[in-house]
Amino acid sequence: MKENLIGTTIFDTTGRRYVIEKQIGEGAQGIVYESSDGFIIKKNHTNKESRGELTKRYKWIINQRVPKEARMVTPIAILSEPHTGYVMKKVKGHVPLAKLINVSTKVPFGEWYNVLTGGLKKRLEISTSLSKCFRNLHIHGLCYCDISPNNILVAMKAKSIVLIDPDNLTSTGTFKNTILGTPRYIAPELFMGANQPNSLTDTYSFAVILFELLRLGHPLLGDDILENTPEVEEHALKGNAVYVDHPEDASNRNTRILPAQFAFTEELKSLFERTFVDGLHDSTKRPTISEFRVACQQAEDLLMTCKNPDCSATFYYQADKALECPWCLKEFDKPYRFTCTEAITVKDSQFEDGKLPIPEKMTGELVLKEGFNLLCKRHFEPFTAIDGEEKVAAIELTDKQEIKIHNLQADIIIIFNKVTRQKKNIGQKQTSTFNPKEDVIIYNRVTDLKGINDIFESCSVLNYGMISS
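Note that this is a predicted model, so its numbers are computed, not measured. Here the residue numbering is sequential within each chain, running from 1 through the sequence in written order. Local features in this predicted model are restricted to residues of pLDDT 70 or higher, and side-chain atom pairs are both shown and tallied only at a pLDDT of 80 or more, whereas totals for entire chains, interfaces and linings draw on every residue. Water and hydrogen atoms play no part in the side-chain values, which are based on all heavy atoms of the structure.

## So, the confidence of the model for the chain
Inference 1: Looking at any residue, its pLDDT shows the predictor's confidence there, from 0 to 100. Predicted confidence across the chain gives a mean pLDDT of 82, with 82% of residues reaching 70 or more.
Inference 2: Residues are treated as being in contact if the distance between any of their heavy atoms lies within 4.5 Å. The low-confidence segment residues 342–351 (pLDDT under 50) makes 36 contacts with residues lying over four places distant or belonging to another chain.

Spelled out as structure tokens, the structure:
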């Protein structure tokens, strides 16, 4: 007979009492209740013999002091005998990520996608935030293990994301996990029993979640598999199927999901191929969480908003195609865009001190939007291990179609003209116009400038270019 705790009083190991008011969920590991004073109680399905091991694990999780940047709700207390489980604070104002993945049939698809669930813009915001959560767990030596859309909560009207259900949080070699995750998201090597969960299996699960969030379908479930038996689908989820977008094998295409060109940038497309083609059965070939994070940020920077007031969808700017909204087909003038690069120096006799800045690595293309800010970590140092939203400069397109840069930093920003070889400094709170065809914008963190060579060895460069119509 199923145990019913509603209306009963239970205690944690400190003696605090909780009156169980209602059940709010149930999974393979236990039942989730809410107490009358607003706490969440997770009571495990387990026997007395297993209680000691689970309690030991919960104590370990509490003592880990999970970084706040991981946005994870962890236990604050452990249930006393005869119950096995823990107590957590309640997350308010959030919904499960599954609500943005499971398509509603109650309203037209376009309304559900763009209005009710925020469209491509909201999905990329969530993807960037989620990648940061897992990266912060991984750099602290932790692995989440059970990644699923029901364990990820998002705020629809704010940039907030929370991870819940921390039961399986671990670090390599600390605990042997009997629950390897939710089957739809488990990495193939875990099904084989050859590995315990780690950061590489987390990355696989994250990639599946990201694919589903952007394309609204699973990366291994094509049309034929979806029309077959549950056993065939289960076999495919274990890694025994071809990636639906495999570049050389079209045997498992899915015609029911959003087209790749609608949801992916070229960089995202490449990362998914590395995950589900090269890295499907070789975890060492998968991209890192940081690579996904940077790609999602860069994808956000390429988004445009439809100016049709009856539409307002978000979509990618594509340089090689006519600029039109894919939802309402309204055409637009092409925007200004620019690219972020890191600079190296090479010898050039025509340049002061014999040095010329040459772009070494493209770090992203951006579309000029109203109220656009350049951020230090995001646009100049995207692969840094430290998060931050420190504003470097504001970019503005005036009514006269001039582009202005407003320095928001104490450090000097330099405009260098590639044609005349002249440079001018923009001090703190100063503003300058620039020529997108000739000027390079340099954000310099060195306050004592001892020559152009020193500048180029210690800064990042922005090359600005205008797209013609």
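## Remarks on the environment of E266
Inference 1: The secondary structure listing takes helices from DSSP runs of H or I that are at least 4 residues long and strands from runs of E that are at least 2 residues long, numbered from the N terminus. Tracing the backbone shows E266 in helix α9 (residues 266–278).
Inference 2: The exposure class of E266 is exposed, given its relative accessible area of 62%.
Inference 3: C-alpha separation for the pair E266 and A299, spaced 33 residues apart in sequence, amounts to 9.3 Å. For the exposure calls, accessible area comes from a 1.4 Å probe over protein chains only, and a residue counts as buried if that area is under 20% of its type's maximum, exposed if over 50%, partly exposed in between.

## What about the pattern of salt bridges?
Inference 1: Should a side-chain nitrogen of Lys or Arg be within 4 Å of a carboxyl oxygen of Asp or Glu, the pair is scored as a salt bridge. Going through the model one piece at a time under the given rule, you end up with 13 salt bridges.
Inference 2: A salt bridge links E34 to K22; its shortest N-O distance comes to 3.9 Å. Of this pair, E34 sits in strand β3 (residues 30–35) while K22 sits in strand β2 (residues 17–26), placing them 12 residues apart in sequence.
Inference 3: The partly exposed category is assigned to K22, whose relative accessible area is 39%.
Inference 4: The closest approach of N and O atoms between K42 and D165, which form a salt bridge, is 3.1 Å.

## Some thoughts on the packing of helix α5 (residues 199–215) against α9
Inference 1: Interaxial distance between α5 and α9 falls to 11 Å at its minimum, and their mutual angle equals 135°. On the basis of the axis angle, α5 is oblique to α9. For the pair α5 and α9, the sense of crossing is left-handed. For the pair formed by α5 and α9, the contact residues are Y204, A207, V208, L210, F211 and L214 on the first element and L268, F272, T275 and F276 on the second. Geometry is summarised by axes, namely lines fitted to C-alpha atoms with helices restricted to the contacting stretch, and by angles between N-to-C directions that run from 0 to 180 degrees. Each angle is binned into one of four classes, with values under 35 degrees roughly parallel, values over 145 roughly antiparallel, values of 65 to 115 roughly perpendicular, and all other values oblique. Here is the rule for handedness: rotate from the far helix to the near one, and if that takes an anticlockwise turn smaller than a right angle the crossing is left-handed, while a clockwise turn gives right-handed.

## Brief notes about the sheet that holds strand β5 (residues 77–78)
Inference 1: Pairing is antiparallel in the open sheet, where six strands are placed in the order β1-β2-β3-β4-β6-β5. Both outer strands of the open sheet, β1 (9–11) and β5, are each paired with one neighbouring strand and no more.
Inference 2: As defined by bridge partners, β3 adjoins strand β4 (residues 39–44) across five bridges and the pair is classed as antiparallel. Counterpart to V32 in the pairing with β4 is K42. Whether two strands pair comes down to DSSP finding at least two bridges between them.

## Observations concerning the sheet that holds strand β8 (residues 152–154)
Inference 1: The strand order across the open sheet formed by three strands is β7-β8-β9, and the pairing between neighbours is antiparallel. Strand pairing shows two members of the sheet lacking a second neighbour, β7 (95–96) and β9 (161–163), which therefore form its edges.
Inference 2: Here β7 pairs with β8 via two bridges, running antiparallel. The residue of β8 that forms the bridge with P96 is L153.
Inference 3: Sitting on the sheet, helix α3 (residues 119–139) is in contact with β8 and β9, with an inclination near 40° to β9.

## Quick notes on the pairing of strand β15 (residues 391–397)
Look at any regular strand and the pattern is simple: side chains alternate between the two faces of the sheet.
Inference 1: Of the strand pairs in this sheet, strand β14 (residues 372–375) and β15 are connected by four bridges, and their pairing is antiparallel. Counterpart to N373 in the pairing with β15 is A394.
Inference 2: Where β15 lies against strand β16 (residues 403–407), five bridges are found, and the strand directions are antiparallel. For A394, the partnering residue across the bridge sits in β16 and is H406.

## A short note on the nonpolar core
Inference 1: To form a nonpolar core, buried Ala, Val, Leu, Ile, Met, Phe, Trp, Tyr and Cys residues must be joined to one another through side-chain atoms within 4.5 Å. Ranked by size, the top nonpolar core spans 83 residues in total, and within it F134, L137, I152, L163, F264, L268 and F272 carry the most contacts.
Inference 2: Ranked by residue count, the leading element in this core is α5, at nine residues.
Inference 3: Once residues lying within four places of it in the same chain are set aside, the contact partners of L137 are V66, A70, M72, L142, Y144, L163 and L169.
Inference 4: Counting 16 residues, the second largest nonpolar core, distinct from the first, contains L366, L374, C376 and V392.

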